[in-house]
Structure formats: structure tokens, C-alpha cells
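# Structural description and commentary
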Amino acid sequence: MNIQQTIIPLVFLALSAPLVADEHVITTSSHRLTEVANGVYLAQTTAPLFNSNSLIIVNEEDVVVVDSHLTPAKARDLIQSIKSVTTKPITTLINSHFHWDHAHGNQVFEDGVQIIGHEYTRMKLAGTPLEETQYVLATAGNKATLARIREMLTNASEEDRPEIQKWFDLYSQQAEDWKEIAPIPPDTTLNDRMTLFRGSREIQIHFFGRAHTGGDVTVYLPAEKLAFTGDMMLQGPSFLGDGYVDEWVQTLENLKGLAFETIVPGHGNPFTDRDLISHVQAYYADLWQKVAAMHEQGIPIADAARDIDMTNHAPTLGVRRKGVDPQAVGRIYARLDGAD
Ligand SMILES: [Zn+2]
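Quick look at the structure, then. (Residues numbered from 1 in each chain as written. Predicted model: local features only at pLDDT ≥ 70, side-chain atom pairs only at ≥ 80, totals over all residues. Heavy atoms only, no water.)

All right, on to the overall build of the chain then. Looking only at helices and strands, one finds 12 helices and 13 strands in the chain. Taken against the 2.2 N^0.38 rule, which gives 20 Å for 340 residues, the C-alpha radius of gyration of the chain at 20 Å falls within 12% of a compact globule. Each of the three principal axes of the chain carries a C-alpha extent, and together these read 60 × 55 × 40 Å. A burial count over the chain gives 52% of its 340 residues as buried. Side-chain charges of the chain comprise 27 positive and 44 negative groups, with the mean position of each set lying 2 Å from the other. (Helix = DSSP H or I, 4+ residues; strand = E, 2+ residues; numbered from the N terminus. Rg over C-alpha atoms; globule rule 2.2 N^0.38 Å. Buried < 20%, exposed > 50% of the residue type's maximum accessible area, 1.4 Å probe, protein only. Lys, Arg positive; Asp, Glu negative; His and termini not counted. Charge placed at Lys NZ, Arg CZ, Asp CG, Glu CD.)

Our focus in this paragraph is the packing of aromatic side chains. Two numbers describe a pair of aromatic rings. These are the distance of the centres and the angle of the planes. Under the definition given, this model contains 7 aromatic pairs. With centroids separated by 6.1 Å and ring planes inclined at 75 degrees, the aromatic side chains of tyrosine 283 and tyrosine 284 adopt a geometry described as edge-to-face. An aromatic cluster of at least three residues, connected via ring pairs, comprises Phe50, Trp100, Tyr135 and Trp178. If you follow arginine 331 out to its NZ or CZ, it ends over the ring of tyrosine 244, 4.7 Å from the centre. (Phe/Tyr/Trp six-rings, centres within 6.5 Å; stacked < 30°, edge-to-face > 60°. Lys NZ or Arg CZ within 6 Å of the ring centre and 35° of its normal.)

Another aspect to go through is the coordination of the zinc ion. The expected angle between donors at a tetrahedral four-coordinate metal is 109.5 degrees. At an octahedral six-coordinate metal it is 90 or 180 degrees. Around the zinc ion, the protein contributes the donor atoms His97 (NE2), His99 (ND1), His212 (NE2) and Asp231 (OD), at 2.2 to 2.5 Å from the metal centre. Classification of the site at the zinc ion rests on its 4 donor atoms, whose angles at the metal span 81 to 167 degrees, yielding the label irregular. (Donors = N, O, S within 2.8 Å, 3.2 Å for Na, K, Ca; no water. Tetrahedral: all angles 85-135°; square planar, octahedral: opposite > 155°, others 65-115°.)

Axis separation between helix α6 (residues 133–155) and helix α7 (residues 161–179) bottoms out at 9 Å; the angle between their running directions is 150 degrees. Between α6 and α7, the angle falls in the class roughly antiparallel. Between α6 and α7 lies a crossing whose hand is left-handed. Contacts between α6 and α7 involve Tyr135, Ala138, Thr139, Asn142, Thr145, Leu146, Ile149, Arg150, Met152 and Leu153 from the first element and Arg161, Ile164, Gln165, Trp167, Phe168, Tyr171, Ser172, Gln174, Ala175 and Trp178 from the second. For the contact of α6 with α7, the per-class residue count stands at 12 nonpolar, 6 polar and 2 charged. (Axes fitted to C-alpha atoms, helices over the stretch in contact; angles between N-to-C directions. Parallel < 35°, antiparallel > 145°, perpendicular 65-115°, else oblique. Left-handed = near helix turned anticlockwise from the far one by under 90°. Contact = heavy atoms within 4.5 Å. Nonpolar A, V, L, I, M, F, W, Y, C, P; charged D, E, K, R; others polar.)

The strand order across the open sheet built from 5 strands is β9-β10-β11-β12-β13, with neighbouring strands paired in mixed fashion. Each edge of the open sheet carries a strand with a single partner, namely β9 (193–198) and β13 (262–265). Taken pair by pair, the neighbouring strands of this sheet meet at an average axis angle of 20 degrees, ignoring direction. (Pairing = 2+ DSSP bridges.)

A few words on the pairing of strand β10 (residues 201–206). Regular strands have side chains that alternate between both faces of the sheet. A large share of β10 lies buried, amounting to 5 of its 6 residues. Note that β9 and β10 share 6 bridges and pair antiparallel. When the bridges of β10 are listed, arginine 193 appears paired with histidine 206. The hairpin formed by β9 and β10 contains 2 residues between the paired strands, and glycine 199 there has a positive phi angle of roughly 60 degrees.

Glancing now at the environment of aspartate 340. Counting through the fold element by element, aspartate 340 comes out in the segment after α12 (326–336). When the C-alpha atoms of aspartate 340 and aspartate 242 are compared, they prove to be 9.9 Å apart, with 98 residues separating the residues in sequence. Setting aside chain neighbours within four positions, we find aspartate 340 in contact with Arg210, Tyr244, Arg331 and Arg335. Polar contacts involving the side chain of aspartate 340 include one to the side chain of arginine 210, which spans 2.9 Å. (Polar contact = N/O pair within 3.5 Å; in protein donor to acceptor, adjacent residues only side chain to side chain.)

Spelled out as C-alpha cells, the structure:
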């Protein structure tokens, strides 16, 4: 039995597949840091559990970090790992959006660290972030997984037991780490655009419109031609449960106005293929139409989610199975019914 595949949803494994090792990769006890431009590192945790990417921008005098991972413990590991590439102080943290897996490490950044995010991100994180659907579902999912592993442990052969125990320990630790979360919002907000000048480094922060959430920002380094897009642009369709699928196509069109050569997404590995943006736009436009047609006919969410066929996007995005996430359908139905 492949224990890892039994325990972890495959989608997360695919998203966290390691980059090919080369001389630009530094590995710490918790992280893999890949230098994606001069002094700019993509930080990914090496533990085989779901996490998000962070970007570390080392300037002449200071360090700017984008996204804080999913727990205070993971953020502390990140800060420790940054010390393996620089002794300069972290002065600024940027939140790409409010989702728990990108912003719930915020609290471990020191008092003097400025936290920047979109107005919407502040509104969400200053509200009741621990009651947000995605966070509630994630913690419930962790509990369910833990119960499943406990069950497996009871029935395990002597041979399988150590491997299953390892997963049990990982998920137990995660459940522990979650107890410490006390979200803090950005103390500095933008609505449209902001630029940081740090030494010779120019760091632009852009809001291109609503997409994965109501306040996704892209961090763009014009000299390095590099854009960190958070979950607004991954290497395929993003999670849509809080999304604005009807506006997202235009938001991605606006993103294309930047002269980037590399995109670092909020999950998964960097990519350079601009066509991928058009493929994802085509997917969202098509999904919106197909879901709207189901909505028009009054088809229940679960049935629509089962029946919608997006496999026409197999050649461009590798969509091989019929059906879509019910949360995506639910969200599109809600938008069609006038939800903000
Ligand atoms: Zn997200």
C-alpha cells in the first residue's frame, strides 16, 4: 500500500513537488530556498504537508517577505531559514491575500515589521478569520484525516506501522500548531497600487481586480521581470470557493500588462509560459458559462458539480476527469444570485 497516497490528497502532492535541484537551491532543516532572481528566493517547506509559497526579497539593507505560510510555527521556520541566506533584518511582510494558508503566520513577525495588504485583506483578517469557511473546512479536514490515520494505525501490520505513525505525528503536530493561531491583519493597506523602493530594488504591489478573493495583490519586481501572483494565477485553475470567476478573466488580462518573464505562484513551482494565463482565462470563461446554464435550469449544486464537463481543457490544462469542485459551483451560483 502506498501510505502517503492513501493519506494525502493527490492534488496537494502535485502542487508541492520539488523543483529540480541545482546550484540555486539551498536546503535548510525546514525549507527549500530557490534563488529565482538575484537575491530573490522562493521559499517552500520540505515537510510533506500542504503549505503555501513565500517569496524572500533580500535588498541592500533589509528583507521583504511575501506571505507568511499557514501557521505561526511554519512562519518561525521560515524566519529561521531566511537567516541561512542573509543576516539583514526583515522589515516588511506583504500578504498576497487573506486566506489562512498564506496569512496565518503573520503574528510571529516582530512588532516593527510592517505588514502590507489590500484593503479587502485587512477587512477579512481584522474580521473573524477563524470563522472563514476555508479555515473551518481545513481544520475539520485535518481532524478527519487524523481520525482516519488513527484507524489505519489500529489495523496496521507491524511492517506498515512506522510509516503510518510518521504521518500521524505530522498531522498531530499540525493540529497543535493551529491552536496557536491568532490572526493579525495588515497595518498598511493599498487599494490599487503601491511601490516600495529599498536600496536599488523596486518592489511594486498591484491590485488588478477581484479574482481568487476580493483583494489579491501581485508583487512585481520590474528589474528582475518577476511577478509573485499568490493564488490569483497558479499553473492551472485555482480554488474558486471565495472567487469572482466572472471578473477573474479580466483581472488576468490586466496581469498580462506587466513585462514579467517569470511567475512565482502561491503554490507549486515558478513558470515562464505566458500562454498558461490565456489557458486559465479560457477555463474560467467556459466554466462560468457552463455553470450559468445549469443555474438557469435550476439544477442542484451537487448534480451540476458532478455533471459539468471541463475535459475540453485537457490539451492545455490536463483536465482529464468530468466534474468540478462543488464549492466552485456553489460560489458561482451565489454570484449569479447576487452575492458579493
Ligand atoms: Zn488562497
